[in-house]
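Here's the letter readout for the chains.
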Amino acid sequence: MHDPASPSPEKPSPPPAGPRGPDQAAAADAVRQVFAWYGQQILAVQRAADPDPARLEQLMARQRACVQDLSTLEEGGPGEAERIAALYEARLRELKGPGPHQL
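Predicted, not measured: the structure shown is a model, and the values here were computed from it.

A. Region of interest: helix α1 (residues 22-47). The terminal C-alpha atoms of α1, which comprises 26 residues, lie 38 Å apart, in line with the 38 Å expected from a rise of 1.5 Å per residue. For α1, the complete set of buried residues consists of Q24, A27, A28, A30, V31, V34, W37, Y38, I42 and V45.

Now the structure itself:
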């Protein structure tokens, strides 16, 4: 019998609540901002008169990658935090920069 106090094996556990240090906090913030950007784009595609299923799947895959990177951030050390922060800060600049926003 399944113990209700333990997580269900079918459902993944949510990422840990928060980063351990300032580098991780900055990296987590950048990941969350990119995650939110993808969320806005997902809504726009879903609300479009003729939604593009391939774009929707691509955006959702990128959003899932954000969740995975938050988990990686929690498990990694300062070097991992710096790598993820640099990656997501650059991606955020790219996504919010001038011109059409693809991914």
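Having put the structure on the table, let's press on.
B. Inspection of the nonpolar core at higher detail. Grouped together as the largest cluster of nonpolar side chains are 20 residues, with contacts concentrated most on V34, Y38, L73 and Y88. When residues of this core are traced back to their parent elements, those giving at least two are α1, α2 (53-75) and α3 (78-96). Looking at this core element by element, the count peaks at nine residues for α1. When neighbours within four sequence positions are excluded, V34 is seen to be in contact with C66, Y88, R91, L92 and L95.

C. Spatial organisation of the packing of α1 against α3. Relative to each other, α1 and α3 sit at 35 degrees, their axes nearing to 8 Å. Here the hand of the crossing between α1 and α3 comes out left-handed. The residues of α3 that touch α1, namely those facing D23, Q24, A27, A30, V31, Q33, V34, W37 and Y38, are A81, E82, I84, A85, Y88, E89, R91, L92, L95 and K96. Of the residues in the contact of α1 with α3, the class split is 12 nonpolar, two polar and five charged.

D. Local environment of the packing of aromatic side chains. Within this structure, the stated rule accounts for one aromatic pair. With a centroid separation of 5.6 Å and 75 degrees between ring planes, the pair formed by W37 and Y38 is classed as edge-to-face. Taking relative accessible area as the criterion, Y38 reaches 0% and is therefore assigned buried. Taking NZ or CZ as reference, R91 lies 5.0 Å from the ring centre of Y88, over its face.

Rules of the game
Residues numbered from 1 in each chain as written. Predicted model: local features only at pLDDT ≥ 70, side-chain atom pairs only at ≥ 80, totals over all residues. Heavy atoms only, no water. Helix = DSSP H or I, 4+ residues; strand = E, 2+ residues; numbered from the N terminus. Expected span 1.5 Å × (residues − 1). Buried < 20%, exposed > 50% of the residue type's maximum accessible area, 1.4 Å probe, protein only. Core = buried A, V, L, I, M, F, W, Y, C linked by side-chain atoms within 4.5 Å. Contact = heavy atoms within 4.5 Å. Axes fitted to C-alpha atoms, helices over the stretch in contact; angles between N-to-C directions. Left-handed = near helix turned anticlockwise from the far one by under 90°. Nonpolar A, V, L, I, M, F, W, Y, C, P; charged D, E, K, R; others polar. Phe/Tyr/Trp six-rings, centres within 6.5 Å; stacked < 30°, edge-to-face > 60°. Lys NZ or Arg CZ within 6 Å of the ring centre and 35° of its normal.

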